[in-house]
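Structural characterization, general
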Amino acid sequence: MEQAESADSFAEDSLDEKPEWFEPCGNQPKIIDFTGQSGADVNNVYLQHCENVEDFYALLVTDEMVQQISDETNLYAAQKEQPNPSAREKRWVPTNKEEIRKFFGLLIWMGLVKYPSIESYWSTNVLYQIPFPSTVMSRNRFEILLTMLHFSNNETADTSDCLYKINPIVNGLNENFKKYYHPPEVLCIGQSIIPLRGRVVFRNYMKQKQEQYGTKIFKLSCGLGYTYSVSVYCGKTYHPAVDSTPTSIAMKLCERILFKGHALYTDHWFTNLNLAKQLIVHHTHLIGTVRSNHTDNPKDVVNKQLKRGEFFAKESKDGITFMKWNDREEMLLLSTKHSVQMEIVTSRGKLVSKPKIVVDYNSAKQSANCSDQMAAFSSPSRKSMKWYRKVAIELLLNTAVVNSYVLYRQTTGHAMPKTKFREKLILGLTQKGATNQNTESIPPASIASASISSAQHPETQKKKNKHHLKKKEGVAQKVRRYCASCYSQNTKRVGRAEARNVTKKVTTYCTQCKSQPHLCLDCFNKLH
């Protein structure tokens, strides 16, 4: 508590104090050396008991979180009831956490398999037809879940906070991200943009991100792409209750890593002298690029004309180095860790001399870039989604998936490709991977002997050839009927009247059963 108070008083004094700049003398501030652990917490008992990829994912997106999403979705559907509901809303039945997991698995799968619209995934057109989504849930059910998906109670939440719709998700993930990973010495704050075309008052514009409009997210990244904490930015104009200045956001992201000797690398949006002085008091280094229009910048450094390969630097009495470096273009940098040391590096096949600040900054930015790259290739985000659903899905099904992938690789030592990891996670969430996992655990010799004995047994051979699932001839709209097994189960669960609304119709039937009932593939496999 005393350390926090001293930091606050130091920051207040530094705002009134005009900085003085001198020739660099290497008098950097005395900050404790970093001696902590780094990487996945392999001694954590929960990590040690993880076997499948979905177990690692469940550490970050827990059963409690999925249950809360299920409860809030059901509550939102009840609150949304109107005197004249639409045909889709009439078909709504309460969901549960098992169905939400399947829903998440389908969304992750849609990030791997890109189709032009949601309807295309369930299309019977030969150009699009894929059986997988129909085995998980119907298109109508998927669309109504996507419409009703919710994360907080609209009636009890603090609506003065414009992020109240996603705060439970952001807070829960931030807490879980920190439980199983020890950040290394070097950390980096990066910016990501979630594209939005809808009407949201705090939509941001990022020119460097392919000139996109959307919701801005700040990530504290470390290692090979692990996101340690996140913050959704909505601007000080629309969030007056929260201090949303760059300094306060950076300090909030770093609240768990202070007083440990870490080195924080930031871009020009965050880097300023006030943040550097606050982090010095909290025994944390700051290195980053700086905007040229900050009032505290040394004017002689900002206005210095340099040739390519030259640099010019000044140092404050606090040991903060301010440098201008000209490579292909001029850049301003600030560091509490470096002076004017030079380092020989290879650039375009040649040995060149660069300031160590520049070399370390370029290396540290790779963690943020790596996280964005791993999340960008298979994004589950869809068009025409409300902003809070889009942000929540990005965090739940992209950022959390990348983090669970990093935990999996560091804990098990298996260099599984990212796409393969997502495939296994999809099967685990949609409960389609149990058969494969059980088969893999059986020795090959046992499988072979079991197959031979099964083929030789006459009763088994008779059952194998007895029942067939066949498609009814004729126009599908006229010949399709309710799946007999699904209808029977739904009647017991929600009643006969509601069962007609939720039971899917199919064109396939069993040719050998006495009444030749219509059956979906799942029910046919269970019965026969």
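Below or above, wherever it landed, is the structure these notes cover. As the structure is a prediction and not an experimental result, all values here were calculated from the model.

Cut-offs used in this document
- Residues numbered from 1 in each chain as written.
- Predicted model: local features only at pLDDT ≥ 70, side-chain atom pairs only at ≥ 80, totals over all residues.
- Heavy atoms only, no water.
- Helix = DSSP H or I, 4+ residues; strand = E, 2+ residues; numbered from the N terminus.
- Buried < 20%, exposed > 50% of the residue type's maximum accessible area, 1.4 Å probe, protein only.
- Contact = heavy atoms within 4.5 Å.
- Areas by Shrake-Rupley, 256 points an atom, 1.4 Å probe, with all protein chains shown as cover.
- Expected span 1.5 Å × (residues − 1).
- Pairing = 2+ DSSP bridges.
- Core = buried A, V, L, I, M, F, W, Y, C linked by side-chain atoms within 4.5 Å.

Considerations on the overall build of the protein chain
Assigned secondary structure in the protein chain consists of 24 helices and 18 strands. Put simply, the protein chain has 528 residues, and 48% of those count as buried. Considering only residue pairs separated by 6 or more positions, the protein chain has 64% of its internal contacts joining residues 24 or more positions apart. Only carbon and sulfur atoms are counted for the fraction: they give 49% of the accessible area of the protein chain, which is about 27900 Å².

A look at helix 4 (residues 63-79)
End to end, helix 4 covers 24 Å across 17 residues, agreeing with the expected 24 Å (1.5 Å per residue, within 8%). Inspection of helix 4 places Met65, Val66, Ile69, Ser70, Glu72, Thr73, Asn74, Tyr76 and Ala77 among the buried residues, and these make up the whole buried set. Buried residues belonging to helix 4 abut helix 3 (53-60), helix 6 (97-112), helix 9 (139-148), helix 10 (167-179) and helix 16 (387-412).

Looking at the pairing of strand 13 (residues 342-347)
Pairing between strand 13 and strand 14 (residues 350-355): six bridges, direction antiparallel. Looking at the pairing, glutamate 343 lines up with lysine 354 of strand 14. Here strand 13 folds back onto strand 14 in antiparallel fashion, the turn holding two residues, of which arginine 348 has a positive phi close to 55 degrees.

Observations regarding unusual backbone geometry
Unlike most non-glycine residues, phenylalanine 259 shows phi in positive territory, near 60 degrees. Inspection of the secondary structure puts phenylalanine 259 in the loop between helix 12 (246-253) and strand 8 (263-266). With a phi close to 55 degrees, histidine 283 is a non-glycine residue in the positive phi region. As for its position among the elements, histidine 283 is in the loop between helix 13 (273-281) and strand 9 (285-289).

As for the nonpolar core
The biggest cluster of nonpolar side chains holds 106 residues, and the ones touching the most others in it are Phe142 and Leu396. By residue number, the principal contributor to this core is helix 16, which donates 15 residues. Beyond its immediate chain neighbours, meaning those up to four positions away, phenylalanine 142 contacts Phe103, Leu106, Leu107, Met110, Ile118, Trp122 and Met137. Within the second largest apolar cluster, 13 residues are counted, among which are Ala263, Tyr265, Ile287 and Tyr361.

Digging into the environment of arginine 348
With respect to the helices and strands, the residue arginine 348 is situated in the loop between strand 13 and strand 14. With residues near it in sequence (within four places) discarded, arginine 348 still touches Arg308 and Arg328.

Side note on the pairing of strand 11 (residues 321-326)
Where burial is concerned, most of strand 11 is hidden: six out of the six residues are buried. Because side chains alternate across strand 11, one face comprises the buried residues Thr321, Met323 and Trp325, and the other comprises Phe322, Lys324 and Asn326, equally buried. Sheet topology places strand 10 (residues 311-316) next to strand 11; five bridges connect them, and they run antiparallel. Within strand 11, the position partnered with phenylalanine 311 by the bridge is tryptophan 325. Once strand 10 ends, the chain turns through four residues before running back antiparallel as strand 11, passing glycine 319 with a positive phi of about 90 degrees. Of the strand pairs in this sheet, strand 11 and strand 12 (residues 330-335) are connected by six bridges, and their pairing is antiparallel. Each residue of the ladder has a partner; that of asparagine 326, found in strand 12, is glutamate 330. In sequence, strand 11 turns back onto strand 12 through a hairpin of three residues.

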